[in-house]
Amino acid sequence: MSRTALWFRSLLLPDGWADGVRLVIVDGRIETLMKDAPAEAGDERHQIGLPGLPNLHSHAFQRGMAGLTEQRGNTTDSFWTWREAMYRFVDHMGPDEVEAIAAQAFLEMLESGFTRVGEFHYVHHDASGAPYTNIAELAARTAAAASETGIALTLLPVFYLHAGFGGLPAAPGQRRFINDIDRYARLIEAGRAAVSSLPGAVVGIAPHSLRAATPEEITTILPLAQGGPVHIHVAEQVKEVEDCLGWSGQRPVELLLDRLPVDERWCLVHATHVTEAESNGIVARGATAGLCPITEANLGDGLFPAQSFLERGGRFGVGSDSNVLIDAAEELRLLEYGQRLSLRTRNALARPSTPSVGRSLFDAALAGGAQALGVSSTLAVGQPADLVSLKADDTALAHRHHDRWLDGWIFSGGRQTVDCVWRAGTKLVNGGRHIHREAIGKRYRQALQKVLQAS
Ligand code: NGQ
Ligand code: ZN
């Protein structure tokens, strides 16, 4: 049995900020939670505590190509030319590289304040497109990276079968992603085995997109989720909307809502290009919008109408997606700034009852992210102790209090403002640095050298 006691001068609890909070954590879970309590001898003391944020959408391997696609090419650069570069990067990763790159990405997520990742995992097979002996080899490598770094994992093995709407045959660059329905069922089963020793792991399913999976195929694979999360990329690019209209006469979100049983278990990743009716539909079903503001900006996707979606009660979480830059605070900041720039307003995403934009964004991304990843986000007795402390001496937080700490962290601080991070009571980040930062960073550099030399 492991037992630790933490004391926070202030901690953000489900019903708001509390001062003098003493947590006793036994085997990773909160056993007692006392407010207005003095610190006791032996308690580890911190100033400002928050629940850890979920990162609802990641392709960990893409961390390895961060910054390498920022050069203008011969053709007009777009999401689609970026995707070609990404496919070339994929060609040169073996299992060791997949694991090493994922570990680096997960480490940086933890350092920025994320304590769980939804890994939308679609590179399944070897470089020739043949399954590994263990069909879930790369899922197992992802689980190993989660285990080494300590981040909680919601594994979302991806179903991918086609190159475009209407069941087009897959392209050669997609050969490592492809499974028919039967093999996907085996992949899910092997994926469950791969995460079985990882505490708190969740498995869901992820039809890649309406480009890569037909509505009929999605209907067939749905039971494999066994009540767990269902994630799908949708309506990210204008071309995608046009192609979907051309094929079906419906827009992607419209088609999804019309043809599939979208509900609270579903996470619609991006959902960038939605009409008011589609946005209302997502709200009515209780699904989450999986917003990835840094990646969506990097790839030139467009802007999700977040303000009107939230006003109508929409739920969202944030994801680091391509991992071009990993920073929980910056995802929230950019989400707000996109709305300010397009609507020419300020404080666009504050809840009516909560003037603080930082607090509004944080609460919403915490609840929506947890829903999308199939877990509870509540810091309460019986729940895992997933916690973040901020550096009270960071100038971004100077002479601020409670919600203004969140505003300070999100709008004028960032990753450097994070002090310590605990997942299930284990302290993984101390003074802003992950406990295995050196070793994981070294292995990451070696892995990248190998991948980049080959490409
Ligand atoms: C992905 N990423 O699967 O990594 C996608 C690109 C696609 C984003 N959509 C590939 N951000 O959508 O076809
Ligand atoms: Zn994605």
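Criteria and thresholds
Residue numbers run consecutively from 1 along every chain, following the written order of its sequence. To read the labels, note that chains go from A and ligands from 1, taken in the order they are written. Per-residue local features of the predicted model are confined to residues with pLDDT of at least 70, and side-chain atom pairs are confined, for both listing and counting, to 80 or more; whole-chain, interface and lining totals are unaffected and use all residues. The basis for the side-chain values is all heavy atoms of the structure; hydrogens and waters are excluded. Strands are runs of DSSP state E lasting at least 2 residues, helices are runs of H or I lasting at least 4, and numbering of each runs from the N terminus. In protein, a polar contact requires one atom able to donate a hydrogen and another able to accept it; more generally it is a pair of N or O atoms within 3.5 Å, and residues adjacent in sequence count only if both atoms are side-chain atoms. Contacts were defined at the residue level, with two residues in contact if any of their heavy atoms lie within 4.5 Å. Salt bridges are defined by distance alone: a side-chain nitrogen of Lys or Arg within 4 Å of a carboxyl oxygen of Asp or Glu. Burial status follows relative accessibility: with a 1.4 Å probe on protein chains alone, a residue under 20% of its type maximum counts as buried, one over 50% as exposed, and anything between as partly exposed. Shown as donors are all N, O and S atoms within 2.8 Å of a metal ion, widened to 3.2 Å for Na, K and Ca; because water is not in the atom set, sites may appear incomplete. Helix span is expected to be 1.5 Å times the residue number reduced by one. Only strands joined by at least two bridges in the DSSP assignment are considered to pair. With the strands pointing away from the viewer, any crossover whose connection runs clockwise from the first strand over the helix to the second is right-handed. All axes here are fitted lines through C-alpha atoms, helices being fitted over the stretch that makes contact, and every angle between N-to-C directions spans 0 to 180 degrees. Helix crossings are classified by the rotation of the near helix relative to the far one: an anticlockwise turn of less than a right angle makes the crossing left-handed, while a clockwise turn makes it right-handed. Three classes are used: nonpolar for Ala, Val, Leu, Ile, Met, Phe, Trp, Tyr, Cys and Pro, charged for Asp, Glu, Lys and Arg, and polar for all others, with Gly counted as polar.

Trainee: How would you sum up the side chain of Ser10? Please name residues and give values.
Mentor: Note that Ser10 resides in strand S1 (residues 3-13). Among the polar contacts listed, one links the side chain of Ser10 to the side chain of Asp19, at a separation of 2.7 Å. Aside from chain neighbours lying at most four places away, what touches Ser10 is Trp17, Ala18, Asp19, Gln47, Ile48, Gly49, His402 and Trp405.

Trainee: Let's hear about the pattern of salt bridges: which residues, and what values?
Mentor: Across all of its chains, the model carries 26 salt bridges by this definition. Asp43 is paired through a salt bridge with Arg22; the nearest N and O atoms lie 2.6 Å apart. Here Arg22 lies in strand S2 (residues 16-26) and Asp43 lies in the loop between strand S3 (29-34) and strand S4 (44-51), a separation of 21 residues in the sequence. Classification of Arg22 by relative accessible area gives buried; the value is 8%. Glu108 is the partner of Arg63 in a salt bridge, and the nearest nitrogen-oxygen pair spans 3.0 Å. Within this pair, whereas Arg63 is found in the loop between strand S5 (53-58) and helix H1 (79-90), its partner Glu108 is found in helix H2 (residues 95-112), the two being separated by 45 residues in sequence. In the salt-bridge network here, residues are joined through shared partners; they are Arg63, Glu108, Glu111, Arg415 and Arg437.

Trainee: How would you sum up the coordination of the zinc ion (ligand 2)? Please name residues and give values.
Mentor: Around the zinc ion (ligand 2), the protein supplies His57 (NE2), His59 (NE2) and His233 (NE2) as donor atoms, at distances of 2.0 to 2.1 Å. For the zinc ion (ligand 2), the single-chain donor residues occur in sequence as H-x1-H-x173-H. Taken together, the residues span a long stretch of sequence, with His57 in strand S5 and His233 in strand S10 (residues 230-234) at a distance of 176 residues. This pair shows no difference in class: His57 is buried, exactly as His233 is.

Trainee: Explain helix H11 (residues 328-343) to me, using residue names and the numbers behind them.
Mentor: Compared with the 22 Å implied by 1.5 Å per residue over 16 residues, the 23 Å span of H11 between its first and last C-alpha is a close match. Burial in H11 covers these residues: Ala328, Ala329, Glu331, Leu332, Arg333, Leu335, Glu336, Gly338, Gln339 and Arg340. For H11, the N-terminal capping position is held by Asp327, with its side-chain oxygen 3.0 Å away from the main-chain nitrogen of Ala329. With its phi angle positive at about 50 degrees, Arg344 sits one or two positions after the end of H11.

Trainee: Describe the side chain of Ser389, and please don't skip the residues or the numbers.
Mentor: The topology assignment puts Ser389 in strand S14 (residues 387-390). Residue class for Ser389 comes out buried when judged on its relative accessible area of 1%. Aside from chain neighbours lying at most four places away, what touches Ser389 is Phe8, His46, Ile48, Gly49, Val418, Asp419, Cys420 and Trp422.

Trainee: I'd like a rundown of the pairing of strand S11 (residues 266-270), residues and numbers included.
Mentor: In terms of residue burial, S11 counts as a mostly covered element, since five of its five residues are buried. Summarising the sheet, S10 and S11 pair through five bridges and their orientation is parallel. Bridge assignment links His231 to a residue of S11, and that residue is Cys267. Strand direction decides the pairing type here: S11 and strand S12 (residues 288-291), joined by three bridges, are parallel. Considered in S12, the bridge of Cys267 is made with Thr288. On the question of chirality, the crossover connecting S11 to the parallel S12 by way of helix H8 (residues 276-285) is right-handed.

Trainee: Can you lay out the environment of Leu332 for me, pointing to particular residues and giving the numbers?
Mentor: Relative to the assigned elements, Leu332 resides in helix H11. Leu332 gets classed as buried once you look at its relative accessible area, which sits at 0%. Along the sequence, Leu332 and Leu291 sit 41 residues apart, while their C-alpha atoms lie 9.5 Å from each other. Beyond its immediate sequence surroundings of up to four residues, Leu332 is in contact with Leu53, Val318, Leu361, Phe362, Ala365 and Ile410.

Trainee: Explain the packing of H11 against helix H12 (residues 357-373) residue by residue, including any values.
Mentor: One can describe the packing of H11 onto H12 by two numbers: an axis separation of 10 Å at closest approach and a directional angle of 115 degrees. The way H11 lies across H12 gives a crossing that is right-handed. Across the interface between the two elements, Leu332, Leu335, Glu336 and Arg340 from H11 touch Val357, Leu361, Phe362 and Ala365 from H12. Its residues assigned to classes, the contact of H11 with H12 shows six nonpolar, no polar and two charged.

In short, geometric facts, not functional conclusions.
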